[in-house]
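Observations on chain architecture
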Amino acid sequence: MNNTPHTNCLTLRLLHAAKGYKAVAFDIFDTLLKRDCAHPADLFALMEVTHQAVLGFAGARVAAEAETRQTLGREVTLAEIYAHPALRGTDPAAECAAELAMIAPNRPVAQAAAACHARGQKVYAVSDMYLPKEQIEAMLQKCGLDFLDGVFVSCEYRVQKRSGKLFKLFLQQTALRPAEVLFVGDSPRADFAGAALAGIRCFLLPQPTLLPYTKTPADAVGGVAIATLQNCCQNLNPSAALGAELLGPLAVGFATWLHGQRAAIPGAKLVFLARDMYLVRQVYQLLYPEEETFYLKASRQSLLPALLQCPMNEQALALLADTLPRQQLTQRQIAAYLGFDSPKGHTTKTYDLRTRPLPCRTKEMLLALAARSKLPEGEPLRRRAEQARAYLEQAGLTNGPVLLVDIGSGGTTQRVLEELLHTQLYGCYLACDARLHQNLPPERAKTFLFDGCPAPLWYWVGQPMLEVLLSEPCGSTVGYHAQAGQMVPEIGKAGADNRAITAPLWQGMRAFVQRWQAGPLREVQIPPQTCIAAFLQMVQAPRMQEVRTLGEITVEDGGSWKLAAPASWGAYLHAPAQLKRDLAQARWKPAFLQRLFGVPLPYGKVYAALKHKSKH
């Protein structure tokens, strides 16, 4: 990925085009300024969401403007719109405040305007707008555009740009000749054609580049999230922009949801589970810096020695099996994962940990290992169990209600902690599979995505990648030891270093978080479907640049695997069986095939069809 700072060449193009002109005039909305909403009318719906207006205001406001324009047959003012019977008694000041809160500079154009002013050119703003001039000037000033030589607003003069009359009035009042002015705007009809009617040359801004994986949602709040994202990405390099698109709304939406879950349980302790919730905790701290959060460095492997000491009834045995890797492993591998020091006495026979219910021979082997852990040879393992319990006690997980935050699947870690602590926790998960609510009641295991239902195919295809993108770049917790009177986690050897890929993505994600926090909707929940849509689309139908870059991510999943990194065709022609093995090991199979063949075909649809066929 390109990690160099993004230089927006639009500013340079504008400055070059404006050279030699005595004055440069700019359109305001979607030129100098950007609203962080998908459509101008969305502002009225957002006023309802943020309780700045009563329910039904949005529809009445749109109808009032349309009918006022039709009745008067000319440009209208905000006061005339609010004089409509549908809005009688409603204060337009609330709309002005909402407009001011939602506005942001269109940085490449605003920077060009400032540079024109700095080199001695006259700089003006000319806009078709019903808002009063004083309101427009307040919005420009908020965005750092307080150096303009004049502001011309259509409602002040009852004429519009599209007729050319507002431009002619502008020339009259500034005593400028058409050849002395360059106008900058975004509308072919109102700006380009309207300026031409007055003899003024227009620099027409290019249409904004659409985000590759994002579609504008129908709801107003989702529209704000996507508009904020679009405006944020124009100032980022391509790698950071991708991170903002894939992770920004998702991280903010999940963190805001967690804030609501915490508020619903007074005094609850918010505990983020290492390593998967590392980035989400950072986002939460950015959004809610006044709140205390905790980071629990515990993994299944670090907790297994303590779990093994529990009485091995049927329920405990099932939990033990769920906590182990769901693979076919030898007894020696299982013993090492459980924490036994020596392979002595452990066979190399293979046991199936994937099948449920457990095969009888697998049950017998696990019971035998549990019994061994209580013999003298299990003394080191029992010491690890005591250290794990001491760490959990130190974390204070039994002092009041605890919200345990995890990426989610079947809720196994929550169940292990509850078994060891003899208490109930409240699980807060990004997503889940069908096992979660088979093992935990819904009121103690809530999920943010997919209305709490099991996640769809494309989420699971992308989950290995998502875990890396959210996780702390370090090894997992493998145990604990005492240091200066405290139990300190022991971190295992880290796998492959993915930071060259993840760092610019995190940069973009943080840029979105900061922009969202500064906006008026920072306390409003982004719809979950908006949060995850771009990631799911990318997983299913990635561009080749994402296939090549993200395919190089290495995941740890019972081994070390690349997401989608095929060998060359020459290697596969020499060893055809290697292709089958590599495809089986790839954790992002549609991208593996796309990278292998180098042609953007619908590999996602093919993969989905094969998965569907295999189930039937």
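It should be noted that the structure appears before, not after, this text.
Residues numbered from 1 in each chain as written. Predicted model: local features only at pLDDT ≥ 70, side-chain atom pairs only at ≥ 80, totals over all residues. Heavy atoms only, no water.

1. Notes on the packing of helix α21 (residues 457–470) against helix α23 (residues 528–540)
Filter applied, for reference: Geometry is summarised by axes, namely lines fitted to C-alpha atoms with helices restricted to the contacting stretch, and by angles between N-to-C directions that run from 0 to 180 degrees. Numbering goes from the N terminus for both helices and strands, where a helix is a DSSP run of H or I of at least four residues and a strand is a run of E of at least two. Each angle gets one of four labels, with under 35 degrees taken as roughly parallel, over 145 as roughly antiparallel, 65 to 115 as roughly perpendicular, and the rest as oblique. Here, residues are in contact when the closest pair of their heavy atoms is within 4.5 Å. Throughout, the ten residues Ala, Val, Leu, Ile, Met, Phe, Trp, Tyr, Cys and Pro are labelled nonpolar, Asp, Glu, Lys and Arg are labelled charged, and all others, Gly among them, are labelled polar.
One can describe the packing of α21 onto α23 by two numbers: an axis separation of 9 Å at closest approach and a directional angle of 95 degrees. In terms of their interaxial angle, α21 and α23 are classed as roughly perpendicular. Residues Trp458, Tyr459, Val461, Gly462, Met465 and Leu466 of α21 form the contact with α23, whose own contacting residues are Ile532, Phe535, Leu536, Met538, Val539 and Gln540. Of the residues belonging to the contact of α21 with α23, the class tally is 10 nonpolar, 2 polar and no charged.

2. Section: the pattern of salt bridges
Here is the rule: We define a salt bridge as a side-chain nitrogen of Lys or Arg found within 4 Å of a carboxyl oxygen belonging to Asp or Glu. Using a 1.4 Å probe on the protein chains alone, a residue whose accessible area is under 20% of its type maximum counts as buried, one over 50% counts as exposed, and one in between counts as partly exposed.
The full count for this structure, using the stated rule, is 26 salt bridges. A salt bridge links Arg415 to Asp322, with the shortest nitrogen-to-oxygen separation between them at 3.2 Å. Of the two residues, Arg415 sits in helix α19 (residues 412–421) while Asp322 sits in helix α15 (residues 314–323), which places them 93 residues apart along the sequence. For Asp322, a relative accessible area of 10% translates into the label buried. A salt bridge links Arg383 to Glu379; the nearest nitrogen and oxygen atoms lie 2.9 Å apart. Taken together, the residues span about one helical turn, with Arg383 and Glu379 both in helix α18 (residues 379–394) at a distance of 4 residues. Residue classification places Arg383 among the partly exposed residues on the basis of a relative accessible area of 39%. Three or more residues are tied together by salt bridges with common partners; here these are Arg61, Glu65, Arg69, Glu75 and Glu95.

3. Digging into a nonpolar patch on the surface
What counts here: Grouping into patches uses exposed residues only, defined as over 30% relative accessible area, and leaves out salt-bridged ones; the cut-off is 9 Å for like charges and 5 Å for nonpolar side chains (Val, Leu, Ile, Met, Phe, Trp, Tyr). Areas reported as accessible are Shrake-Rupley estimates using a 1.4 Å probe. Residue values count occlusion only from the protein chains shown.
A surface patch of nonpolar side chains, amounting to about 530 Å² of accessible area, comprises Trp569, Leu573, Phe597, Val599 and Leu601. The residue Leu573 is located in helix α25 (residues 569–574) in this model.

4. Quick notes on the nonpolar core
Going by this rule: What is meant by a nonpolar core is a set of buried Ala, Val, Leu, Ile, Met, Phe, Trp, Tyr and Cys residues, joined one to another through side-chain atoms within 4.5 Å.
Counting 141 residues, the largest nonpolar core has Leu430, Tyr459 and Trp588 as its most contacted members. In terms of residue count, the dominant contributor to this core is helix α12 (residues 238–263) (13 residues). Setting aside chain neighbours within four positions, we find Trp588 in contact with Val461, Met465, Met538, Val539, Pro542, Glu546, Leu550, Gly551, Leu563 and Ala564. By size, the runner-up hydrophobic cluster in this structure holds 43 residues, among which are Ala321, Ala335, Met365 and Leu404.

5. Examining the sheet that holds strand β4 (residues 122–127)
For clarity, the threshold we go by: Whether two strands pair depends on DSSP finding at least two bridges between them.
Ordered by their spatial adjacency, 5 strands build an open sheet running β5-β4-β1-β6-β7, and the pairing between neighbours is parallel. Strand pairing shows two members of the sheet lacking a second neighbour, β5 (150–153) and β7 (201–204), which therefore form its edges. Put simply, the sheet's adjacent strands are angled 25 degrees from each other on average, direction ignored. Contacting β1 (23–26), β6 (181–185) and β7, helix α1 (residues 9–18) crosses the sheet at an angle of about 170 degrees to β7.

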